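Close look at the chain arrangement
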Amino acid sequence: MKVKLLLSSIVLVATTAVASPFEKPEDAIHYRQSAFTMIAANFGDMAEMVKGRKDWNQDVFAQRAQYISQLALMPEEAFNVEGSDKGDTKAKPEIWSDWNGFTGKLTKFQGDLAQLANVSSEGDERATKKAFGVAAKNCKSCHTDYKFR
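The structure displayed is predicted, hence computed values, not measured ones. Counting restarts for each chain: residues are numbered from 1 in the order of the written sequence. The predicted nature of this model means local features are confined to residues of pLDDT at least 70 and side-chain atom pairs, given and counted, to a pLDDT of 80 or more, with totals for whole chains, interfaces and linings taken over all residues. As a rule here, side-chain values come from all non-hydrogen atoms in the structure, and water together with hydrogens is ignored.

Right, let's get into the layout of surface pockets. The space that makes up the largest pocket amounts to roughly 610 Å³. Lining the largest pocket are 23 residues, and of these Arg32, Phe36, Phe79, His143 and Lys147 lie nearest its centre. Elements represented by at least two residues in the lining of the largest pocket include exactly helix H2 (25–50), helix H6 (99–121) and helix H7 (125–146). With 7 residues, the top contributor of residues to the lining of the largest pocket is H2. The residue inventory of the lining of the largest pocket, partitioned by class, reads 13 nonpolar, 5 polar and 5 charged. A 1.4 Å probe that fits into a set of points on a 1 Å grid over the protein atoms alone but cannot get out defines a cavity; an open set with protein on both sides within 12 Å along at least five of seven lines defines a pocket, and lining residues are those with an atom within 4 Å of a point. Grid points are joined across faces, edges and corners, and a volume is the space filled by probe spheres set on the points. Numbering of helices and strands starts at the N terminus; helices are DSSP runs of H or I of at least 4 residues and strands are runs of E of at least 2. Here the term charged refers only to Asp, Glu, Lys and Arg, the term nonpolar to Ala, Val, Leu, Ile, Met, Phe, Trp, Tyr, Cys and Pro, and the term polar to all other amino acids, Gly among them.

Okay, structure coming up:
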């Protein structure tokens, strides 16, 4: 009985995860822009600390790193919505014409941010700044290739 209930739950979760929450392409665009806005706000605060323009606070930095490591997982599904390449978006057509390149960079960015969250939680400022630099470099390369300014 417990096994059947567990299997039913897994199937339900898997089916739900595949379903798109977006009714219109504009919903997908808004969703991914919102996720990227939150990533940018947290990333910007962290950059200010790394550059010395803001007092270093390892706890706050680690919290922001944790936030963006989770937020970075969100946008990909919103790029996979038909018609979301049109409209009020700064996404370049290369996202869809070079899907493997785009998702490869996004996956690397997600991995970089997970590493940054792990490193920053350990409390080593120098290692945290180094991990931040790696993530920032990848972030910038994706903007260059896949985002209009």
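From this point, the narrative continues.
This next bit is on the packing of aromatic side chains. Note on aromatic pairs: each is described by the distance of the centres and the angle between the planes. Only Phe, Tyr and Trp rings are paired, with Trp represented by its six-membered ring, and only when their centres lie within 6.5 Å; those with planes under 30 degrees apart are stacked, over 60 edge-to-face, the remainder tilted. Tallied over the entire structure, the rule returns 9 aromatic pairs. Taken together, a centroid distance of 4.9 Å and an interplanar angle of 70 degrees make the contact between phenylalanine 79 and phenylalanine 102 edge-to-face. Placement of the pair is phenylalanine 79 in helix H4 (residues 76–79) and phenylalanine 102 in helix H6, with a sequence separation of 23 residues. Of the two residues, phenylalanine 79 and phenylalanine 102, both sit in the buried class. These aromatic residues form a ring-pair network of at least three members: Phe36, Phe79, Trp96, Trp99, Phe102 and Tyr146. Positioned above the aromatic ring of tryptophan 56, the side-chain terminus of lysine 129 is 5.0 Å from the ring centre. Partly exposed residues are those whose accessible area sits between 20% and 50% of the maximum for their type, while under 20% is buried and over 50% is exposed, using a 1.4 Å probe and protein chains only. Throughout this description, the term charge over a ring refers to an Arg CZ or Lys NZ atom that lies within 6 Å of the ring centre and within 35 degrees of the ring normal.

The feature "binding site: heme c" (unreviewed entry), as given by UniProt, occupies Cys139, Cys142 and His143 in the numbering adopted here. Those annotated residues from the list above that line the largest pocket are Cys139, Cys142 and His143. Summarising the element assignment, cysteine 139 is placed in helix H7. Turning to its location among the elements, histidine 143 is positioned in helix H7. A relative accessible area of 30% places histidine 143 in the partly exposed class. UniProt positions are given in the numbering used here, feature names are shortened, and annotations may be inferred rather than shown by experiment.

Take the buried residues of types Ala, Val, Leu, Ile, Met, Phe, Trp, Tyr and Cys, join any two whose side-chain atoms come within 4.5 Å, and each joined set is a nonpolar core. In this structure, Phe43, Met46, Phe61, Ile68, Leu113, Leu116 and Phe132 are the most contacted members of the largest nonpolar core, which totals 19 residues. Among the secondary structure elements, those contributing two or more residues to this core are H2, helix H3 (58–71), H6 and H7. Ignoring anything within four residues of it in the chain, the contact list for phenylalanine 132 reads Phe43, Met46, Ala47, Val50, Phe61 and Leu116. Counting 7 residues, the second-largest nonpolar core is a separate cluster that includes Ala91, Ile95, Leu106 and Tyr146. The contact criterion used throughout is that any non-hydrogen atoms of two residues lie within 4.5 Å.

Closest axis-to-axis distance for the H6/H7 pair is 9 Å, and the angle between their directions is 160 degrees. One way to sum up the angle between H6 and H7 is to call them roughly antiparallel. The two elements H6 and H7 cross, and the hand of that crossing is left-handed. Contacts between H6 and H7 involve Gly101, Phe102, Lys105, Lys108, Phe109, Asp112, Leu113, Leu116, Val119 and Ser120 on the former and, on the latter, Ala127, Thr128, Ala131, Phe132, Val134, Ala135, Asn138, Cys139, Ser141, Cys142, Asp145 and Tyr146. Taken together, the residues that form the contact of H6 with H7 break down as 13 nonpolar, 5 polar and 4 charged. To define axes, lines are fitted to C-alpha atoms, for helices over the stretch in contact only, and angles between the resulting N-to-C directions are given on a 0 to 180 degree scale. Roughly parallel means an angle under 35 degrees; roughly antiparallel, over 145; roughly perpendicular, 65 to 115; everything else is oblique. Should the near helix be turned counterclockwise from the far one by less than a right angle, the crossing is left-handed, whereas a clockwise turn marks it as right-handed.

Moving on, we get to the packing of H2 against H7. H7 packs onto H2 with a crossing angle of 130 degrees between their chain directions and a minimal axis gap of 11 Å. Considering their axes alone, H2 and H7 lie oblique with respect to each other. Handedness of the crossing formed by H2 with H7: left-handed. For the pair formed by H2 and H7, the contact residues are Phe43, Met46, Ala47 and Val50 on the first element and Lys129, Phe132, Ala135 and Ala136 on the second. For the contact of H2 with H7, the class distribution of residues is 7 nonpolar, no polar and 1 charged.

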